[in-house]
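# Descriptive analysis of the structure
Read off the chains here:
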Amino acid sequence: QLQACGGGLVQPGRSLRLSCAASGFTFSWYWMYWVRQAPGKEREFVVAISKSGGSTTYADSVKGRFTISRDNAKNTVYLQMNSLKPEDTAVYYCAASVTYYYTSIDKYDYWGQGTLVTVSS
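Here's what I pulled together on the structure shown here.

Reading the values: rules and limits
- Residues numbered from 1 in each chain as written.
- Predicted model: local features only at pLDDT ≥ 70, side-chain atom pairs only at ≥ 80, totals over all residues.
- Heavy atoms only, no water.
- Helix = DSSP H or I, 4+ residues; strand = E, 2+ residues; numbered from the N terminus.
- Buried < 20%, exposed > 50% of the residue type's maximum accessible area, 1.4 Å probe, protein only.
- Polar contact = N/O pair within 3.5 Å; in protein donor to acceptor, adjacent residues only side chain to side chain.
- Contact = heavy atoms within 4.5 Å.
- Phe/Tyr/Trp six-rings, centres within 6.5 Å; stacked < 30°, edge-to-face > 60°.
- Lys NZ or Arg CZ within 6 Å of the ring centre and 35° of its normal.

Time to look at the side chain of T115. Mapped onto the elements of the fold, T115 is located in strand β11 (residues 115–119). Classification of T115 as buried rests on a relative accessible area of 11%. Of note is the side chain of T115, whose polar atom sits 3.0 Å from the backbone nitrogen of G7. If near-sequence neighbours (up to four positions away) are discounted, T115 is found in contact with A4, C5, G6, G7, L18, A90, V91 and Y92.

Printed below as a string of structure tokens:
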């Protein structure tokens, strides 16, 4: 299971940190992802982090503003979101897969329930 939290209402330009706690599987064996779904749009890849945390891949839309990290001792992945924009408004999901599927989100093994981030003044 994956349990995401940390969403909320934030003003443009501000920051927010999401967390996702994993249970029921060996966390360190899995690539971890953040995916988001804006209102009326399809889910889109945001960022991935390798099993050890040594490699990350970001969507161009968040590169330089968002940072993913993980703590394998705590079975938790984080998403630090800075300089938030209204277009970042979405439900953010964490996901996991043993094999790295990059943007093929339909192939991810596990999904969290999502946490809503609203960026508005």
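After presenting the structure, the write-up continues.
All right, on to the environment of L2 then. Relative to the elements of secondary structure, L2 occurs in strand β1 (residues 2–5). Excluding its chain neighbours within four sequence positions, the residues that come into contact with L2 are C20, A21, A22, F25, M32, C94, A95, A96, Y110, W111, G112 and Q113.

The relation between two aromatic rings is expressed through the spacing of the ring centres and the mutual angle of the planes. With the rule as written, the count across this model stands at 10 aromatic pairs. Ring centres of F25 and Y110 lie 4.7 Å apart, and the angle between their planes is 15°; this geometry places the pair in the stacked category. With F25 in the loop between β3 (16–22) and β4 (31–37) and Y110 in strand β10 (residues 110–111), the pair connects residues that are 85 residues apart, well separated along the chain. Within the aromatic cluster, the residues linked to one another by ring pairs are W31, Y33, F45, Y93, Y100, Y102, Y108 and W111. When the ring centre of Y78 is taken as origin, the NZ or CZ atom of R17, which lies over that ring, is 4.1 Å away.

These figures capture arrangement, not role.
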